[in-house]
Amino acid sequence: MIGIKVAALGLFAFGLVGTGLGTSDFLDARIQFCDTSTNPCTSRIFPAWVELPQNPKYVRFIPGSPGTKIFSSILGLFSFIGSMMLCRELAEQEPMRQKFKVVANAEALRKFSTQTDLDFKVYTHRANLRAAEVAFKILQPYQESQPLLEGDSLDDITSPSNKIAPEDEMVTKDHYLKIGTTALTCLGTLTQSTILISTPGAGKTTTMCTAWGRMRERLGDSFQATAIIYKRDDAKAFEGIAQVLCFPDNPERAVLNILGFVRNMKEGGNKGTTNRLFIDDFLSIWEEISARFKGKYIDDDGEITVKRTADNFPVIDWLVSQLNAVFLIGRQSDNALWICSHSPNVESLPFVKDKSSRIAANLIFLARQDPKNKNGNYEVIEANISNHHLIANDEKRSQLSKILPELISLSRESGEPIILTSHGQSGGWEMGLVGSEIQQEYEQYRKQWASVSPPKDEAVIVQPQAANKPDFDELLSEIIKSFSGKEATRISRIEAGCNRVRTTLADFDNDKKKKIWIYLICKELQTRTLQTANKSKLKPH
């Protein structure tokens, strides 16, 4: 700021000097002489281009200064222009400088006020100490002759109502554990869809299964759940409480189960029951779905093909739209979508990219660091607390950020995960701890479910709820019929016929699948052999 002012004044000074030099002296040359036509002769000065009178005396040539005057004038002009531009820039910066000045004054005033309050507290503390010393000196002689009665103490004669706990001690660990318990209770009673994002090892499976266990105890057999999991080892956690499908075993069946769940919701086929569709490790599953079903289409009957027609839709787009449907309106029929993911934020889920749609869900974030091996971190909580698209209230974000260091310290010490929930006991965003007793409750549920779990280690597979599902013998009869009789399938249509029955084959076990595929392959080879033989007969010898 000062440099600009100095530059403006310097240019203005150069302008004045240039103007002075440009207006002084003469531009053209002159001739000075003594005019003899007068008596005595008179000294005169004429321009050099004017004709002199006759018989001049004492003629002297005075050169002009055109270069100096023009250069000085141009220098003065540009100096004034530069000075004017700098002054305009100063005028534009002045409002901002005034704002900075106001902010600086306010900050200085705040610091002064804080320092004043601190000085006042120090003074008050010292005054109280001085008064206590004086009172002790005055009362000391009486205390020796009149001691306190036996059993009395200062705590006994001080009214507890007069004691005020420091502000930092009013919020204890029990308060944070209560918030976690309330969040888990809401998880088992809400009809809204739920998105649970956690770090690995933070207890998402324990949290989910405990909530489902409470729902099963409360609702009985009217609670129906379907779980699509990615890791086969995790299937055991849901056996006995849900129908389980391991996605890598049969991705196509998993997609059909998801669409079947949504179709039943739309058709009202699950009235009188509480239905939950759970997708674990969502991002891993979605990556495989995107890779496997890219360029594939599905029709209303659930048939998946690579050919686009007027009656089918892209599998991925249709799946996103159906997930979005149960996510937004499923609660009206007590159907809900529960998603677990290790993604760092909600925006990575394809069906909740719209910020306005997130109000339809119960959002939960879990984070934990193992006290023994230090695995895990709290980055999920830290990132989402500062996300203004997720928590719109600035004051609430600031409040949560202030208590986070204390919660991290408690969590590292006890190994209990931190929970951030959108449905706290206050009706909004709250953060607390999930107590270790939740793990014990989960283990009890596992023991109860073991009595109703399937005897095999395999996961229970949910069959697609397709209308008029064909019997195996009927399907095999139709295939055999298509290769025999007057309406036998032409060799060019065998591949298309295989594609048409591929979706239906997913309904049967592996043994029956093998029988069908063996028959199709054998029949195709026979047909090709017969066709080759017929062509050879037609060739001339």
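Look up: the structure comes first, before these words.
> So what's going on with the packing of aromatic side chains? Residues and values would help.
A full pass over the atoms with the stated rule returns 7 aromatic pairs. Each ring, one from Trp 212 and one from Trp 338, has its centre 5.7 Å from the other, and the planes form 45 degrees; the classification is tilted. Of this pair, Trp 212 sits in helix α5 (residues 204-219) while Trp 338 sits in strand β11 (residues 335-341), and the two are 126 residues apart along the sequence. Of the two residues, Trp 212 and Trp 338, both sit in the buried class. Relative to Trp 318, the ring of Phe 313 has its centre 4.9 Å away and its plane inclined at 10 degrees; by these criteria the two rings are stacked. For Phe 313, a relative accessible area of 33% puts it in the partly exposed group. Three or more aromatic residues joined by ring pairs make a cluster, and in this case those are Trp 212, Phe 223, Phe 278 and Trp 338. The ring of Phe 293 has Lys 296 sitting right over it, with the charged end atom 5.7 Å from the ring centre.

> Got a sec to walk through the pairing of strand β7 (residues 274-279)? Specific residues and values, please.
Summarising burial for β7: 6 of the 6 residues are buried, a large majority. Residues Thr 274, Arg 276 and Phe 278 of β7 are buried on one face, and the alternating residues Asn 275, Leu 277 and Ile 279, pointing to the opposite face, are buried as well. As judged from the 6 bridges shared by strand β5 (residues 223-229) and β7, these two strands associate in the parallel manner. Paired with Ile 228 across the two strands is Ile 279, which belongs to β7.

> Help me get a handle on the pattern of salt bridges, residues and values and all.
For the coordinates displayed, the defined rule picks out 7 salt bridges. Its salt-bridge partner being Lys 173, residue Glu 416 comes within 3.3 Å of it at the nearest N-O pair. Of the two residues, Glu 416 is situated in the loop between α11 (394-414) and β13 (418-421) and Lys 173 in helix α4 (residues 173-187); the sequence distance between them amounts to 243 residues. Classification of Glu 416 as buried rests on a relative accessible area of 8%. Given a relative accessible area of 31%, Lys 173 falls into the partly exposed group.

> Give me helix α7 (residues 251-267): which residues, what numbers.
In this model, α7 (17 residues) spans 24 Å end to end at C-alpha, consistent with the 24 Å of a helix rising 1.5 Å per residue. Of all 17 residues making up α7, 14 are buried, and the element is well covered by its neighbours. Gly 268, located one to two residues past α7, shows a positive phi value of around 70 degrees.

> Give a detailed account of the sheet that holds strand β9 (residues 304-305), specifying residues and quantitative values.
Spatially, 3 strands are ordered β9-β8-β10 in an open sheet, and the strand pairing comes out antiparallel. At either margin of the open sheet sits one strand with a lone partner, and together these are β9 and β10 (312-314). Both strand β8 (residues 297-299) and β10 contribute to a ladder of 3 bridges, which runs antiparallel. Bridging across to β10, Tyr 297 finds its partner in Pro 314.

> Any chance you could break down the packing of α7 against helix α9 (residues 315-329) for me, citing the residues and the numbers?
For the pair α7 and α9, the least separation of the axes is 10 Å and the interaxial angle reads 45 degrees. Comparing their axes, α9 and α7 come out oblique. Where α7 crosses over α9, the two elements pack in a sense that is left-handed. Mapping the contact onto sequence places Val 255, Ile 258, Leu 259, Phe 261, Val 262, Met 265 and Lys 266 in α7 and Val 315, Trp 318, Leu 319, Gln 322, Leu 323, Ala 325, Val 326 and Ile 329 in α9. A breakdown of the residues in the contact of α7 with α9 according to their chemical character gives 13 nonpolar, 1 polar and 1 charged.

> Now, about the side chain of Asp 281: what can you tell me, with residues and values included?
Structurally, Asp 281 can be placed in the loop between β7 and α8 (282-292). Lys 204 provides the closest opposite charge to the buried, unpaired Asp 281, separated from it by 4.1 Å. Ignoring anything within four residues of it in the chain, the contact list for Asp 281 reads Lys 204, Tyr 230, Lys 231, Asp 234, Cys 340 and His 342.

> A description of the nonpolar core should follow, citing residues and the corresponding values.
One finds Leu 323, Leu 337, Phe 365, Ile 381, Ile 418 and Met 431 to be the most contacted residues of the largest nonpolar core, which totals 55 residues. Here this core gets 8 residues from one element, more than from any other, and that element is α7. Within the second largest apolar cluster, 33 residues are counted, among which are Ala 183, Leu 184, Cys 209 and Ile 364.

Calculation notes
Residues numbered from 1 in each chain as written. Predicted model: local features only at pLDDT ≥ 70, side-chain atom pairs only at ≥ 80, totals over all residues. Heavy atoms only, no water. Phe/Tyr/Trp six-rings, centres within 6.5 Å; stacked < 30°, edge-to-face > 60°. Helix = DSSP H or I, 4+ residues; strand = E, 2+ residues; numbered from the N terminus. Buried < 20%, exposed > 50% of the residue type's maximum accessible area, 1.4 Å probe, protein only. Lys NZ or Arg CZ within 6 Å of the ring centre and 35° of its normal. Pairing = 2+ DSSP bridges. Salt bridge = Lys/Arg side-chain N within 4 Å of Asp/Glu carboxyl O. Expected span 1.5 Å × (residues − 1). Axes fitted to C-alpha atoms, helices over the stretch in contact; angles between N-to-C directions. Parallel < 35°, antiparallel > 145°, perpendicular 65-115°, else oblique. Left-handed = near helix turned anticlockwise from the far one by under 90°. Contact = heavy atoms within 4.5 Å. Nonpolar A, V, L, I, M, F, W, Y, C, P; charged D, E, K, R; others polar. Lys, Arg positive; Asp, Glu negative; His and termini not counted. Core = buried A, V, L, I, M, F, W, Y, C linked by side-chain atoms within 4.5 Å.

Read these as geometric descriptors, not functional statements.
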